[in-house]
Amino acid sequence: MTRFFFVLLLGYLPSIALCQLDTVHYFPPFFANEAQGEQFIFLSTPSVQAINIEIRTPQGNLIRNVSISNANPDYIYFGNDDLTRLMIQPTQLGVALNTKGLVLRSDREFYCNYRITSNDGFHSGSITCKGEVAKGRIFRPGHMITSNAFIQKSNTVSMMALEDATVTISNL
């Protein structure tokens, strides 16, 4: 019986890894405290041939086109403050925004990863945003609550609505 579950697990793992490859990726806005540093998106693909990726605002306005291949991934640099397209300020928390976030599309599958460093260089973060394979109506945040009476900590759950509708957040 144990062998059966092991074989089942081995068959399931590749599908989990492939969920990060998609033809569309949605990046909602993020929040970090004032210690944020450089921010960039890393783009790669398993395709040997070059693929084109359109980077657009949530409203559909084209920001730029990028061409990548397996041998030539790319970085898109966004700066190092809270005025970038992907960062929001504390006053914007809990507010529906249509001026922040990104949508990346291609006709071939690619991988997207948002990376941010702290301005002191000691900390960093990495967020992989998924696309069509992650659409759904029920989500669970995957982070632990951190608290310290002397140090300000930041925990954020960010989401992007793909249609005009009412979003209900509960059980936080």
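Since the model is a prediction, treat every value here as computed from it, not as a measurement.

Considerations on the confidence of the model for the chain
For the chain, the average pLDDT comes to 75, and 62% of its residues sit at 70 or higher. Element-level mean pLDDT values for the chain span from 45 in helix H1 (residues 2–18) up to 95 in strand S4 (residues 51–56). Below pLDDT 50 for its whole length, residues 4–18 participates in zero contacts with residues either more than four positions away or in separate chains.

Remarks on the pairing of strand S8 (residues 102–118)
As defined by bridge partners, strand S1 (residues 22–27) adjoins S8 across five bridges and the pair is classed as antiparallel. Each residue of the ladder has a partner; that of His25, found in S8, is Leu104. Sheet topology places strand S3 (residues 36–44) next to S8; seven bridges connect them, and they run antiparallel. Within the sheet, the bridge partner assigned to Gln36 lies in S8 and is Ser118. Two elements, S4 and S8, share three bridges in a ladder whose sense is antiparallel. Looking across to S8, one finds that Ile55 is bridged to Leu104. Sheet analysis places S8 next to strand S9 (residues 124–127), joined by four bridges and oriented antiparallel. Looking across to S9, one finds that Thr117 is bridged to Ser124. Counting the residues that bridge the hairpin from S8 to S9 gives five residues, and of these Gly121 lies at a positive phi of roughly 80°.

Details of the nonpolar core
Counting 20 residues, the largest nonpolar core has Phe27, Ile41, Leu43 and Leu104 as the members making the most contacts within it. In terms of residue count, the dominant contributor to this core is S8 (six residues). If we skip the residues at most four places from it in the chain, Leu104 touches Thr23, Val24, His25, Phe27, Leu43, Ile53, Glu54, Ile55, Phe110 and Cys112.

Here's the deal with the packing of aromatic side chains
Overall, the coordinates contain two aromatic pairs when judged by the stated rule. Between Phe40 and Tyr75, the ring centres sit 5.2 Å apart and the planes meet at 65°, which makes this aromatic pair edge-to-face. Here Phe40, found in strand S3, pairs with Tyr75, found in strand S6 (residues 74–79); they are 35 residues apart in sequence, far enough to count as distant. Tyr75 sits in the partly exposed class, given a relative accessible area of 47%. Ring centres of Phe42 and Tyr75 lie 5.0 Å apart, and the angle between their planes is 50°; on these two criteria the pair is classed as tilted. Residue Phe42 is located in strand S3, and its partner Tyr75 is located in strand S6; the two are separated by 33 residues in the primary sequence. Owing to a relative accessible area of 14%, Phe42 belongs among the buried residues under this scheme. Taken together through their ring pairs, the aromatic side chains of Phe40, Phe42 and Tyr75 make up a single cluster.

Criteria and thresholds
- Residues numbered from 1 in each chain as written.
- Predicted model: local features only at pLDDT ≥ 70, side-chain atom pairs only at ≥ 80, totals over all residues.
- Heavy atoms only, no water.
- pLDDT = per-residue confidence, 0-100.
- Helix = DSSP H or I, 4+ residues; strand = E, 2+ residues; numbered from the N terminus.
- Contact = heavy atoms within 4.5 Å.
- Pairing = 2+ DSSP bridges.
- Core = buried A, V, L, I, M, F, W, Y, C linked by side-chain atoms within 4.5 Å.
- Buried < 20%, exposed > 50% of the residue type's maximum accessible area, 1.4 Å probe, protein only.
- Phe/Tyr/Trp six-rings, centres within 6.5 Å; stacked < 30°, edge-to-face > 60°.

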